[in-house]
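Structural description and commentary
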Amino acid sequence: MNKVILMGRLTRDPEVRYSAGENALAIARYTLAVDRRFRRDGEASADFISCVCFGRSAEFAEKYFRQGLKIAVTGRIQTGSYTNRDGQKVYTTEVVVEDQEFAESKAASDNYAASHPQTTAPSMPEPGMASADGFMNIPDGIDEELPFN
């Protein structure tokens with residue numbers, strides 16, 4: 001069974017794109033900062049987990065999710081790989097979101113936002129995994145291998 005349940009805060013606003021074609025499909029990508037339960041030397045630490053959602057879920061994320069918001073997601077882990085322009089194989093891991101919801105009240109979210117001024121989002125933990133905008137550069141000619149066209 002491949003089932004993931006996460007709760008964390010958005011590191012930045014979701015990035016939403018639409019597929020080309022007659023029936024454009026919304027695709028949202030965001031990163032969750034998930035606190036680690038056990039800390040070394042009392043130091044706070046977190047894992048930064050890439051998430052992707054499609055369709056109505058992506059449109060919902062675009063409309064309501066903002067940096068710093070605490071959300072809970074369920075989904076599945078998906079791994080993949082592609083060859084970048086330099087000919088190097090790049091491995092990817094992300095959570096394909098099946099369900100997402102708010103994990104705190106609006107008042108708690110507003111209080112958190114007021115006490116934590118916006119800062120620059122942390123960089124992706126795996127170098128070469130994504131471009132500056134958070135989306136992978138997929139080489140030309142790979143369309144036949146993608147699960148959606």
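The sections below set out a description of the structure shown in this document. Note that the structure is a prediction, hence the values are computed from the model and not measured.

Attention now goes to the packing of aromatic side chains. Going through the model one piece at a time under the given rule, you end up with six aromatic pairs. Ring plane angle 45 degrees and centroid distance 4.8 Å describe the contact between Phe60 and Tyr64, whose orientation is recorded as tilted. Taken together, the residues span about one helical turn, with Phe60 and Tyr64 both in helix 1 (residues 56-64) at a distance of four residues. Residue class for Phe60 comes out partly exposed when judged on its relative accessible area of 29%. The structure contains a cluster of three or more aromatic residues connected by ring pairs, namely Tyr30, Phe60, Tyr64, Phe65 and Phe102.

Glancing now at the environment of Cys51. The topology assignment puts Cys51 in strand 4 (residues 46-54). On the basis of relative accessibility, which here comes to 1%, the residue Cys51 falls in the buried class. For the pair Cys51 and Thr31, spaced 20 residues apart in sequence, the C-alpha to C-alpha distance is 5.8 Å. Those residues within four positions of Cys51 in sequence are excluded, and the remaining contacts are Ala28, Arg29, Tyr30, Leu32, Val95 and Val97.

Glancing now at the side chain of Gln100. With respect to the helices and strands, the residue Gln100 is situated in strand 6 (residues 89-102). Classification of Gln100 by relative accessible area gives buried; the value is 9%. Side chain to side chain, Gln100 and Tyr30 meet in a polar contact 2.7 Å long. Residues within four places of Gln100 in sequence aside, it is in contact with Tyr30, Cys53, Ser57, Phe60, Ala61, Phe65, Ala72 and Val73.

How each quantity is defined
- Residues numbered from 1 in each chain as written.
- Predicted model: local features only at pLDDT ≥ 70, side-chain atom pairs only at ≥ 80, totals over all residues.
- Heavy atoms only, no water.
- Phe/Tyr/Trp six-rings, centres within 6.5 Å; stacked < 30°, edge-to-face > 60°.
- Helix = DSSP H or I, 4+ residues; strand = E, 2+ residues; numbered from the N terminus.
- Buried < 20%, exposed > 50% of the residue type's maximum accessible area, 1.4 Å probe, protein only.
- Contact = heavy atoms within 4.5 Å.
- Polar contact = N/O pair within 3.5 Å; in protein donor to acceptor, adjacent residues only side chain to side chain.

Remember, this is a structural readout, not a statement about activity or role.
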